[in-house]
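Take a look at the letters that make up each chain.
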Amino acid sequence: MNYLHQEFDVGPDDLIEVALDGPANVMLLDPENFEFYRRREPFRYHGGHATATPFRLIVPSRGRWHLVVDLGGMAGSVRAGVRLLRTAEAAR
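A brief look at the structure comes next. (Residues numbered from 1 in each chain as written. Predicted model: local features only at pLDDT ≥ 70, side-chain atom pairs only at ≥ 80, totals over all residues. Heavy atoms only, no water.)

### Section: the sheet that holds strand E7 (residues 80-85)
The line we're drawing: The pairing criterion is simple: DSSP has to find at least two bridges between the two strands. Helix and strand labels come from DSSP, where a helix needs a run of H or I of at least four residues and a strand needs a run of E of at least two; each type is numbered from the N terminus. Lines fitted to C-alpha atoms define the axes here, with helix axes fitted over just the stretch in contact, and angles between the N-to-C directions of these axes take values from 0 to 180 degrees.
Ordered in space as E5-E2-E7, the 3 strands form an open sheet in which the pairing is antiparallel. Edge positions in the open sheet fall to strand E5 (55-58) and E7, since each of these has one partner strand only. Each strand axis lies, on average, 20° off the axis of its neighbour in the sheet, ignoring direction. Strand direction decides the pairing type here: strand E2 (residues 15-20) and E5, joined by 4 bridges, are antiparallel. Of the residues in E5, the one forming a bridge with valine 18 is phenylalanine 55.

### Here we look at the pairing of E2
Remember that side chains alternate between the two faces of the sheet whenever the strand is regular. The following threshold applies: Note on exposure labels: buried denotes an accessible area under 20% of the residue type's maximum, exposed denotes more than 50%, and partly exposed covers the range between, all computed with a 1.4 Å probe on protein chains only.
Most of E2 sits inside the fold, with 5 of its 6 residues counted as buried. As paired strands, E2 and E7 are joined by 6 bridges and run antiparallel to one another. The residue bridging valine 18 from the neighbouring strand is valine 82, located in E7.

### Let's talk about the nonpolar core
Applied cut-off: Nonpolar cores are built from buried Ala, Val, Leu, Ile, Met, Phe, Trp, Tyr and Cys residues. Side-chain atoms within 4.5 Å join them into one set.
Ranked by internal contacts, the top residues of the largest apolar core, which has 16 residues, are Ile16, Val18, Leu20, Val26, Leu57, Leu67 and Val69. Where this core is concerned, the elements lending two or more residues are strand E1 (4-10), E2, strand E3 (24-29), E5 and strand E6 (63-70). By size, the runner-up hydrophobic cluster in this structure holds 5 residues, among which are Met27, Leu29, Phe34 and Val68.

### Some remarks on the pattern of salt bridges
Stated formally: We define a salt bridge as a contact between a side-chain nitrogen of Lys or Arg and a carboxyl oxygen of Asp or Glu at a distance within 4 Å.
Taken as a whole and judged by the stated rule, the model has 7 salt bridges. Here arginine 79 and aspartate 21 are joined by a salt bridge, their closest N and O atoms 3.3 Å apart. Of this pair, arginine 79 sits in the loop between E6 and E7 while aspartate 21 sits in the loop between E2 and E3, placing them 58 residues apart in sequence. For arginine 79, a relative accessible area of 64% corresponds to the exposed category. Taking relative accessible area as the criterion, aspartate 21 reaches 46% and is therefore assigned partly exposed. If you follow the salt bridges from partner to partner, you end up with Glu7, Asp9 and Arg64 in one network.

Interpretation in functional terms is not warranted from these geometric data alone.
Shown next as structure tokens:
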């Protein structure tokens, strides 16, 4: 299973912005659900299939979060740039 992954220590005042060079699944997972994802078991996430860029995710609560970008089993590749925006930056 190929995917892009980045970890964040963030809170509900933060926003994660993902710039993609093509459509992809963009998911924000807590540590437990990230492990389920890696084991290919049912999991819950915030986000979805991104067709427009930038794709923004609101962090639901304070803690350690995993950002995953994948193609959902489809062939190909995707490049992603990730930015963490604090509340004041996100308002712009």
